[in-house]
Amino acid sequence: MIINHPILGPRDAQEFVYLGDAALMGRPDGMTAGIEEFHDWLYNRDNPAGEHRELWYHEQGDRSWLVVTRNTVTHEILKVELARDVARAMGRAK
Amino acid sequence: MADMLRPLTALGGHAPAELAVGLLIVTERFDVALASVAARRGRMADLARAVVKTGLPLPEAGRHAAGTPYSAFWVAPEMWFVEAPFATHEGIAGMLKGALGDAASVTEQTDAWVALDLAAPDLAPILERLSNVDLRAAPDGFATRTVIEHLGCYLIRHGAGNVRLYGPRSSAKSLIHAIEGAATATF
């Protein structure tokens with residue numbers, strides 16, 4: 001599998017570490033969100049057969065975090081973004 | 001006593017090792033001082049101003065830029081490795097810190113790495129056995145981090161037959177062993 005890194009171009013998936021569902025980026029505030037919402041973020045994962053947004057870490061490269069949109073059935077990679085840009089688009093400061 | 005305390009190179013010798021396997025010549029370099037420079041958050045513009053006076057190049061992603069005394073290569077967004085001659089820049093981290101102030105975080109790297117110069121008429125057949133790097137497609141001045149023998153290494157292409165490798169110093173002998181093996185298989 002080849003991941004088309006937004007900065008470095010196509011790189012072998014061997015250089016990356018898979019770090020789970022990209023929904024992990026949206027951690028609710030444990031002090032104000034209810035226990036149910038926090039429990040859902042921490043323990044519950046969707047397991048779709050099809051399009052899935054995932055976090056990948058370029059451990060053997062430039063150490064950037066990526067959000068990869070991948071089809072879990074065909075392994076086709078539809079979109080690769082820097083997680084930093086995604087977080088900023090979500091309104092986060094960094 | 002004093003002569004028992006002579007410094008050793010990364011490969012354990014009193015002088016840098018030089019090794020030939022077939023057409024490949026590997027030269028250990030211990031005359032390079034290294035430091036990493038990372039812009040602090042939101043301070044990239046300040047760093048870009050400070051490096052102009054210092055004569056420190058900050059190449060774009062995946063590139064190496066040569067200069068005197070400082071050369072540099074990109075390692076991560078807003079982070080670079082800086083090379084300088086060891087004889088004049090043994091205290092490279094302190095010198096860069098003084099020049100760049102609080103715009104960047106500077107870390108001494110000299111003794112964390114083994115520096116190897118690889119020379120052969122064509123290094124591509126050796127490096128394609130060792131790593132993911134496509135040396136044929138890469139331009140001169142290409143710099144990347146890659147994995148060789150399970151070791152995270154920096155690779156800089158200075159020419160089709162001229163590559164500098166930085167590998168983890170404590171695994172220098174494993175790295176050399178892997179290079180020897182690949183060269184033996186090639187030639």
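Let us look at the structure shown here. (Residues numbered from 1 in each chain as written. Chains lettered and ligands numbered in written order. Predicted model: local features only at pLDDT ≥ 70, side-chain atom pairs only at ≥ 80, totals over all residues.)

Let's talk about the sheet that holds strand β3 (residues 32–39) of chain B
Residue and element names in this part refer to chain B. Judged by pairing direction, the sheet is antiparallel, and its 5 strands sit side by side in the order β4-β5-β6-β3-β7 without closing on themselves. Edge strands, defined here as strands with exactly one partner in the open sheet, are β4 (64–65) and β7 (104–108). Of the strand pairs in this sheet, β3 and strand β6 (residues 79–85) are connected by 7 bridges, and their pairing is antiparallel. Note that in β6 the partner of A38 across the bridge is M79. (Pairing = 2+ DSSP bridges. Helix = DSSP H or I, 4+ residues; strand = E, 2+ residues; numbered from the N terminus.)

Focus: the pairing of strand β11 (residues 162–168) of chain B
Residues and elements named next belong to chain B. A large share of β11 lies buried, amounting to 5 of its 7 residues. Here strand β10 (residues 151–159) runs beside β11; their pairing, made up of 5 bridges, is antiparallel. Within the sheet, the bridge partner assigned to G159 lies in β11 and is N162. Between the end of β10 and the start of β11, which pair antiparallel, lie 2 residues. (Buried ≥ 20, exposed ≤ 12 C-beta atoms within 10 Å, placed from the backbone.)

Side note on the sheet that holds strand β9 (residues 142–148) of chain B
Residues and elements named next belong to chain B. As summarised here, the arrangement of the 6 strands in space is β1-β2-β8-β11-β10-β9, forming an open sheet in which the pairing is antiparallel. At either end of the open sheet lies a strand with only one pairing partner, and these are β1 (18–21) and β9. Neighbour-to-neighbour, the strand axes of this sheet turn through a mean angle of 25 degrees, independent of strand direction. The strands that helix α5 (residues 172–186) touches are β1, β2 (24–29), β8 (113–119), β9, β10 and β11; relative to β1, the one it contacts most, it runs at about 25 degrees. (Axes fitted to C-alpha atoms, helices over the stretch in contact; angles between N-to-C directions. Contact = placed C-beta atoms within 7 Å.)

A short note on the nonpolar core
General note: in soluble globular proteins, nonpolar side chains tend to be found buried as a group. Counting 53 residues, the largest nonpolar core has W80, V82 and I92 of chain B as its most contacted members. For this core, the leading source of residues is α5 of chain B, giving 6 residues. Each of domain 1 (14–30 + 112–186) and domain 2 (32–110) of chain B contributes no fewer than three residues to this core. Among all residues touching V82 of chain B, those that are not within four sequence positions of it are L34, A35, V37, L56, Y70, A72, I92 and L96 of chain B. If you look at the next biggest cluster of nonpolar residues, it comprises 8 residues, including I3, F16, L55 and L66 of chain A. (Core = buried A, V, L, I, M, F, W, Y, C linked by C-beta atoms within 7 Å. Domains from an automatic or database assignment.)

A few points about the interface of chain B and chain A
Opposite the 11 residues of chain B that make contact, chain A presents 11 residues. Secondary-structure elements contributing two or more residues to the side of chain B that touches chain A are β5 (71–76) and β9 of chain B. Of the residues forming the side of chain B that touches chain A, the biggest block, 3 residues, is contributed by β9 of chain B.

Notes on the pairing of strand β5 (residues 65–71) of chain A
Note that strand β4 (residues 51–57) of chain A and β5 of chain A share 7 bridges and pair antiparallel. The residue of β5 of chain A that forms the bridge with L55 of chain A is V67 of chain A.

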